[in-house]
Amino acid sequence: MAKRIRKLILPFAVAGKDRFKPFTKDMEMAAIFYFAERDRKKGEGRVLKKPGEKLAFIAETCYPIWLIPWRGRTLIFDGLEFTNPSISYDVLPDIKAFDNDVQASSKSREAYCAALSQNASYFQNFAGKEGKTIEGLITNPKFTQDLIDYLQDAEEIGKGATTKAILSPTLDESEVSLSINELSELREKVEEEIKTLSRSMKLLSKGTREQVKALQAEMKETIKEFNKRIKKVKPKVMEKINKIQERRNEEITRISKKYDRKLRSLHQNRVRIERTLERLSTDIERIEADIKVARENKDEAGEFQLTQKLDEIKKRLPVLDKEIKGIDREIENVEDAKKIEVARARTKPDDRVEEAMKSLRDIEAAKEARTRLEQQELASLEEMTSSIIKQIDAMIKTKEGALNEIDSIGAQERRRKYALVYLPVYFVCYETEVGKRYVVYPPSNVGSMGIKTKLKGVFGAGKMKSFLQSRSQAIATLLDRLVDLTQENPVFEKEITEAGIKANILRTTELQVGIKKGLTELGDEGWISENEFQILNERI
């Protein structure tokens, strides 16, 4: 069942913010007539003069634009299908093939790691780009915004529209519905691709978690197994080492005793000499006292004998001191030799210790090697998984961006019904003997006679450019293509020509009178000169 379609029409000209004087339809038609005459080729050349163009018709033509509700927004469609955008999107690699490979390889960790290694760059790049053409859809955001702003001045189509050349949309309601379905299918496709990528990411994460869990269990079992072997071997090894160390300790004890005997002998000699020195010192004190007594008793013979004895004792003192110093040096040498030999005995490599430790060290080395390999395998597994997940995540973000772009097409305006809005444009046809030429004048804002505009007139510049100013470059660009369609499509040219002749603003005396009135109003405001007024009046 066909939807009820609301039909709207937009005014060609709207007073600008700086215009406060009334603006009439007569002034609008007069201004367009002014521009049409200005742009008409008057004939060129002196010798081979080309004939001037004749003004065939000037018609206010209505360009159809569809306004379609979609997902809380309003999509805009070109009723004449000038606009057929191709929305490009990235093609995903074969995700199902990747998932199948991962699942099929999950029974063996070696196969699983090989699969990840082989697919390390699987999601690095998209498989390519494809495009989907949405017939008539207008995606230009500037056009969209300008049209939405323009719609504030829209009115329901009334009887006045019969004076305009209303173009029938070549993109009908059913074709618009097909375009909407294609856009919805594209959106659903992108949304499903995001879900597919997310499922693949979860599948990979789950598979790796299971492999990591199994590997960690193996690592614990490895440590347990090697610790058990070490526990079994270590007591025997330590028993052998203890015996070897006992023998080493016995050797150190033997060395120490050997040097201790020498040291005891040297210390005994030193003690003996020290006692002799002490005794001689006592003798010297006693003899010196006896000499003093003999001297007091004037016993010269006794004094002489005592003095000789004292001299003999004193001569022995340096000899004994020298002997002590010699003994001290020898003691020091013996102690140094003891330290060196004991240290040598302690640090002397013992092949028997190495041999006893070999079996234990072999087990510990095997344990370390196995643990290191398993840790490397674990790190490699996690690293490869992380890399692939980052690639998938990047693709998801790209697809989310594409989805946002699709969702941002059109305007943020809710509507319940389809609407057909007509953009007004003055379509002008010039004729010569050799053919026709077409010009369009897009919707405009009406200006006011300000100081800048008056200065333009003083310096000879056209003031009328300031009177009607194109309200939207984006809208004007679309409407300009009417000329291309008319020249390229004979069927459309016939249709628009017939409609243009019927809607010609010069076709009736009443309309001509209105244009003359409009010229008078333009002259009164100073937009055209008296001379321009006279020339244009004669051309009507």
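Look a little higher up for the structure.
Model, not experiment: these values are computed from the prediction.

Conventions and cut-offs
- Residues numbered from 1 in each chain as written.
- Predicted model: local features only at pLDDT ≥ 70, side-chain atom pairs only at ≥ 80, totals over all residues.
- Heavy atoms only, no water.
- Helix = DSSP H or I, 4+ residues; strand = E, 2+ residues; numbered from the N terminus.
- Rg over C-alpha atoms; globule rule 2.2 N^0.38 Å.
- Buried < 20%, exposed > 50% of the residue type's maximum accessible area, 1.4 Å probe, protein only.
- Contact = heavy atoms within 4.5 Å.
- Areas by Shrake-Rupley, 256 points an atom, 1.4 Å probe, with all protein chains shown as cover.
- Lys, Arg positive; Asp, Glu negative; His and termini not counted.
- Charge placed at Lys NZ, Arg CZ, Asp CG, Glu CD.
- Pairing = 2+ DSSP bridges.
- Axes fitted to C-alpha atoms, helices over the stretch in contact; angles between N-to-C directions.
- Salt bridge = Lys/Arg side-chain N within 4 Å of Asp/Glu carboxyl O.
- Parallel < 35°, antiparallel > 145°, perpendicular 65-115°, else oblique.
- Nonpolar A, V, L, I, M, F, W, Y, C, P; charged D, E, K, R; others polar.
- Expected span 1.5 Å × (residues − 1).
- Polar contact = N/O pair within 3.5 Å; in protein donor to acceptor, adjacent residues only side chain to side chain.
- Left-handed = near helix turned anticlockwise from the far one by under 90°.
- Arc of directions from axis to C-beta.
- Phe/Tyr/Trp six-rings, centres within 6.5 Å; stacked < 30°, edge-to-face > 60°.
- Lys NZ or Arg CZ within 6 Å of the ring centre and 35° of its normal.

The next point concerns the overall build of the protein. For the protein, the helix and strand inventory stands at 13 helices and twelve strands. Computed over its C-alpha atoms, the radius of gyration of the protein comes to 57 Å, more than 25% above the 24 Å expected for a compact globule of 540 residues. For the protein, the spread of C-alpha atoms along the three principal axes comes to 185 × 75 × 50 Å. Here the protein holds 540 residues, and the buried ones make up 40% of them. Pairs at least 24 apart in sequence give 84% of the contacts found in the protein among residues at least 6 apart. Surface exposure of the protein reaches about 32200 Å², of which carbon and sulfur atoms provide 50%. Taking the 100 positively charged and 91 negatively charged side chains of the protein as two groups, their mean positions are separated by 3 Å.

This next bit is on the sheet that holds strand β11 (residues 444-446). With mixed pairing, three strands are arranged side by side in an open sheet as β2-β11-β12. Bordering the open sheet on either side are β2 (13-15) and β12 (468-470), each of which pairs with just one other strand. In this sheet, adjacent strand axes meet at a mean angle of 35 degrees when their direction is disregarded. With three bridges connecting them, β11 and β12 associate as antiparallel partners. Bridge pairing in β12 links Val-446 to Leu-468.

This part is about the pattern of salt bridges. Under the defined criterion, the tally for this structure stands at 35 salt bridges. A salt bridge links Glu-37 to Arg-539, with the nearest nitrogen and oxygen atoms 2.8 Å apart. On the criterion of sequence distance, the pair formed by Glu-37 in helix α1 (residues 25-39) and Arg-539 in helix α13 (residues 530-539) is long-range, its members being 502 residues apart. For Arg-539, a relative accessible area of 44% corresponds to the partly exposed category. The salt bridge involving Lys-338 is made with Asp-260; its shortest N-O contact spans 2.8 Å. With a gap of 78 residues between them, Lys-338 in helix α6 (residues 300-347) and Asp-260 in helix α5 (residues 173-296) connect regions that are remote in the sequence. Residue classification places Asp-260 among the partly exposed positions, given a relative accessible area of 24%. Salt bridges sharing common partners tie together Lys-25, Glu-28, Glu-60 and Lys-164.

A word on the packing of helix α4 (residues 141-150) against helix α10 (residues 473-488). A pair of packed helices is characterised by two quantities: the angle between their axes and the separation of those axes. The N-to-C vectors of α4 and α10 enclose an angle of 100 degrees; their axes lie 8 Å apart at closest approach. Compared by their axis directions, α4 and α10 come out roughly perpendicular. Along its contact with α4, which presents Lys-142, Phe-143, Asp-146, Leu-147 and Tyr-150, the element α10 presents Ala-474, Ile-475 and Leu-478. Classifying every residue of the contact of α4 with α10 gives six nonpolar, no polar and two charged.

In this section: helix α11 (residues 490-502). Taking 1.5 Å per residue as the helical rise, α11 with its 13 residues ought to reach 18 Å, and the 18 Å between its terminal C-alpha atoms agrees with that figure. Burial in α11 covers these residues: Phe-492, Ile-496, Thr-497, Ala-499 and Gly-500. Its buried side turned inward, α11 meets β3 (54-70), β8 (165-166), β9 (419-432), β10 (435-441) and α10. For α11, the capping residue at the N-terminal end is Asn-489, with a side-chain oxygen 3.0 Å from the backbone nitrogen of Val-491.

Attention shifts here to the side chain of Ser-179. On the secondary structure map, Ser-179 appears in helix α5. If we ignore the near neighbours within four places in the chain, the residues touching Ser-179 are Phe-77, Ile-134 and Glu-135.

In the contact formed by helix α2 (residues 95-104) and α5, the axes pass within 10 Å of each other and the chain directions differ by 15 degrees. The angle between the axes of α2 and α5 places the two elements in the roughly parallel class. At the point where α2 passes α5, the crossing takes the left-handed sense. For the pair formed by α2 and α5, the contact residues are Ile-95, Phe-98, Asp-99 and Gln-103 on the first element and Thr-196, Leu-197, Ser-200, Leu-203 and Leu-204 on the second. Residue classes in the contact of α2 with α5 are distributed as five nonpolar, three polar and one charged.

Quick look at unusual backbone geometry now. With phi around 60 degrees, Glu-81 is a residue other than glycine that occupies positive phi space. Checked against the element boundaries, Glu-81 lands in the loop between β4 (73-78) and β5 (86-91). Here the phi dihedral of Lys-298 falls at roughly 55 degrees; this positive angle occurs in a residue that is not glycine. For Lys-298, the position within the fold is in the loop between α5 and α6. Using a relative accessible area of 72% as the deciding quantity, one classes Lys-298 as exposed.

What follows covers helix α3 (residues 109-118). Side chains three or four residues apart in an α-helix point the same way, a direct result of the helix having 3.6 residues per turn. Of the positions making up α3, those classed as buried are Arg-109, Tyr-112, Cys-113, Ala-115 and Leu-116. All buried residues of α3 project into a common sector of 155 degrees when viewed along the axis, lining one side. Exposed residues lying more than 90 degrees from the buried face of α3 are Glu-110 and Gln-118.

This paragraph deals with the packing of aromatic side chains. What describes a pair of aromatic rings is the distance from one ring centre to the other and the angle between the planes of the rings. Summed over all chains, the structure comprises twelve aromatic pairs. Feature note: the residues Phe-23, Phe-467 and Trp-527 constitute an aromatic cluster, connected by ring pairs. In this structure, Arg-471 is placed above the aromatic ring of Tyr-150, and the distance from its NZ or CZ to the ring centre is 3.8 Å.

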